[in-house]
Amino acid sequence: MATRTPLIAGNWKMNKDHLEAIDLVQKLDWHLKDGKHDFATAEVTVLVPFTDLRSVQTFVDAEKSGLSYGAQDVSAHVSGAYTGEISPVFLARLGVTYVAIGHSERRQYHGEDDALVNAKTKNALAHGLVPIVCVGEGLDVRKAGEQVSYTLAQVDGAFEGLSAEDAAKVVVAYEPVWAIGTGEVATPSDAQEVNGAIRARLAELYSAEVADAVRVLYGGSVKSSSIVELMAEKDVDGALVGGASLDPEEFAKIARFQQA
Ligand SMILES: O=C[C@H](O)COP(=O)(O)O
């Protein structure tokens with residue numbers, strides 16, 4: 001069985017300009033260093049607005065920080081007449097490691113569907129970026145008890161046509177929409193139910209080896225008070241953290257869940 005290094009990813013969403021970004025990443029780095037965080041035991045990354053990437057890159061390189069960084073979206077195209085879009089080539093040139101794809105806010109406010117999520121995932125992989133593919137059900141689906149089938153359909157869509165080699169590189173983030181920014185954290189067993197089903201689906205689509213390699217995160221109102229129990233579940237390999245990632249001390253605590 002593969003050993004999956006936990007990944008704690010902070011999604012800043014549309015917060016922090018490029019100057020505020022330096023301040024936040026500096027404080028985060030300080031808290032992690034102060035706590036002697038070992039990045040080999042839990043990777044820590046920040047997904048920042050496009051305009052912050054250069055600032056964060058400069059800081060990370062200058063400080064030789066163990067942090068990595070990423071973007072919150074990427075184009076399905078490589079170059080050309082796509083006003084407002086950002087190519088994976090540009091992101092790769094800025095040393096980006098991760099890119100969130102299909103976040104529920106993009107699905108909801110920008111009409112992104114599974115086919116677009118799939119195209120963006122392939123484009124990211126083709127340019128050496130690691131996609132963090134976001135999936136998860138809304139409240140109506142949860143109330144109807146259909147969270148597993150709904151989320152697995154999104155997984156099927158995102159992985160459509162991906163080779164086993166590429167599939168093994170993808171990170172999946174299960175984020176029940178009703179738990180995002182609401183303070184309503186899913187219970188550890190809610191997270192395990194869907195995360196486990198995602199891994200089982202990857203085993204069906206590919207193989208046990210691929211399913212073992214893919215990290216499946218949980219996201220939705222994660223705090224330092226909830227991370228330890230979530231991480232105790234066997235198919236929760238990390239967290240995608242929104243609001244709490246804007247507080248460097250709190251986010252560092254989440255990243256250091258093994259020391260809690
Ligand atoms: O990408 C992160 C998720 O949307 C979770 O956000 P949240 O931690 O503020 O609930």
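Residues numbered from 1 in each chain as written. Predicted model: local features only at pLDDT ≥ 70, side-chain atom pairs only at ≥ 80, totals over all residues. Heavy atoms only, no water.

As a reminder, the rule being used: UniProt positions are given in the numbering used here, feature names are shortened, and annotations may be inferred rather than shown by experiment.
An unreviewed UniProt entry lists the protein under the name Triosephosphate isomerase, from Flavimobilis rhizosphaerae. Recorded in UniProt for the protein, the comment headed Subcellular location (unreviewed entry) runs: "Cytoplasm".

A few points about the site of the ligand
What counts is decided by this rule: Any residue with a heavy atom positioned within 4 Å of a molecule or strand is treated as near that molecule or strand. As used in this structure description, the phrase polar contact means that two N or O atoms lie within 3.5 Å; if the pair is within protein, one of them must be able to donate a hydrogen and the other to accept it, and residues adjacent in sequence are counted only when both atoms belong to side chains. Here the accessible surface of atoms and residues is derived via Shrake-Rupley with a 1.4 Å probe, and residues count as covered only by protein chains that are part of the display. Only Asp, Glu, Lys and Arg are considered charged in this grouping, and only Ala, Val, Leu, Ile, Met, Phe, Trp, Tyr, Cys and Pro are considered nonpolar; every other residue, Gly among them, is considered polar.
Neighbouring residues of the ligand: 13 residues in total, closest Lys 13, His 103, Gly 181, Ser 221 and Gly 243. Between Glu 175 and the ligand, the recorded distance is 3.2 Å, taken from a side-chain N or O atom to an oxygen atom. Gly 242 is positioned such that a nitrogen or oxygen atom in its backbone is 2.9 Å from an oxygen atom of the ligand. For the ligand, whose free accessible area comes to 310 Å², the fraction covered by protein is 95%. A per-class count over the shell around the ligand returns 4 nonpolar, 7 polar and 2 charged.

Side note on the sheet that holds strand E7 (residues 215-219)
Here is the rule: One bridge is not enough; two strands pair if DSSP finds at least two bridges between them. What counts as a helix is a DSSP run of H or I of at least four residues, what counts as a strand is a run of E of at least two, and both are numbered from the N terminus. To obtain an axis, a line is fitted to C-alpha atoms, over the contacting stretch when the element is a helix, and the angle between two such axes runs from 0 to 180 degrees between their N-to-C directions. Residues are treated as being in contact if the distance between any of their heavy atoms lies within 4.5 Å.
In spatial order, the strands read E1-E2-E3-E4-E5-E6-E7-E8; together these 8 strands close into a barrel with parallel pairing. Averaged over all pairs of adjacent strands, the angle between their axes in this sheet comes to 25 degrees, without regard to strand direction. Strand direction decides the pairing type here: strand E6 (residues 171-174) and E7, joined by 4 bridges, are parallel. By the bridge assignment for E7, Tyr 174 is matched with Tyr 218. In the packing of helix H7 (residues 147-159) onto the sheet, contacts are made with strand E5 (130-135) and E6, and the angle to E5 comes to roughly 150 degrees.

A word on the confidence of the model for the protein
Note the following rule: Confidence of the predictor at the level of single residues is captured by pLDDT, which takes values from 0 to 100.
Residue-level pLDDT values for the protein average 97, and 99% of them are 70 or greater. With pTM at 0.97, the complex prediction returns an ipTM value of 0.99.

As for the UniProt feature "active site" (unreviewed entry) in the protein
Feature annotation in UniProt assigns "active site" (unreviewed entry) to the following positions: His 103 and Glu 175. The annotated residues occupy 73 residues of the chain but converge on a single region, no pair of C-alpha atoms lying more than 8.5 Å apart. Here His 103 is to be found in the loop between strand E4 (98-101) and helix H4 (104-110). Those residues in contact with His 103 that lie beyond four places of it in its chain are Asn 11, Lys 13, Cys 134, Glu 175 and Ile 180. Of note, Glu 175 is situated in the loop between E6 and helix H9 (188-205). Filtering out sequence-adjacent residues up to four positions away, Glu 175 remains in contact with His 103, Cys 134, Val 135, Gly 136, Glu 137, Ile 180, Gly 219, Gly 220 and Leu 240.

Quick look at a nonpolar patch on the surface
Here is the rule we go by: In this analysis, a patch consists of residues with relative accessible area above 30% that form no salt bridge, clustered at 9 Å for like charges and at 5 Å for the nonpolar side chains Val, Leu, Ile, Met, Phe, Trp and Tyr. Counted as salt bridges are all cases of a side-chain nitrogen of Lys or Arg within 4 Å of a carboxyl oxygen of Asp or Glu.
A contiguous nonpolar patch, built from Val 78, Val 89 and Phe 90 and spanning about 230 Å² of accessible area, is present on the exposed surface. With respect to the secondary-structure elements, Val 78 resides in the loop between strand E3 (68-71) and helix H3 (88-93).

Regarding the nonpolar core
To be explicit about the condition: For the purposes of this section, nonpolar cores are sets of buried Ala, Val, Leu, Ile, Met, Phe, Trp, Tyr and Cys residues that join through side-chain atoms within 4.5 Å. The classification of residues rests on relative accessible area computed with a 1.4 Å probe and restricted to protein chains. Under 20% of the type maximum is buried, over 50% is exposed, and intermediate values are partly exposed.
Residues Ile 8, Val 46, Phe 159, Ile 198 and Tyr 218 are the most contacted members of the largest nonpolar core, which totals 64 residues. Ignoring any residue separated from it by four or fewer positions in sequence, one finds Ile 198 in contact with Val 135, Thr 151, Leu 152, Val 155, Val 172, Tyr 174 and Val 216. One finds Tyr 98, Ala 100, Val 130 and Ala 173 within the second-largest nonpolar core, a separate group that totals 12 residues.

Considerations on the UniProt feature "binding site: substrate" (unreviewed entry) in the protein
Residues given the UniProt feature "binding site: substrate" (unreviewed entry) here are Asn 11, Trp 12, Lys 13, Gly 181, Ser 221, Gly 242 and Gly 243. A maximum C-alpha distance of 13.7 Å is found for the annotated residues, which run over 233 residues; spatially they form one tight group. Among the secondary structure elements, Asn 11 is positioned in strand E1 (residues 7-11). Judged by its relative accessible area of 6%, Asn 11 is buried.

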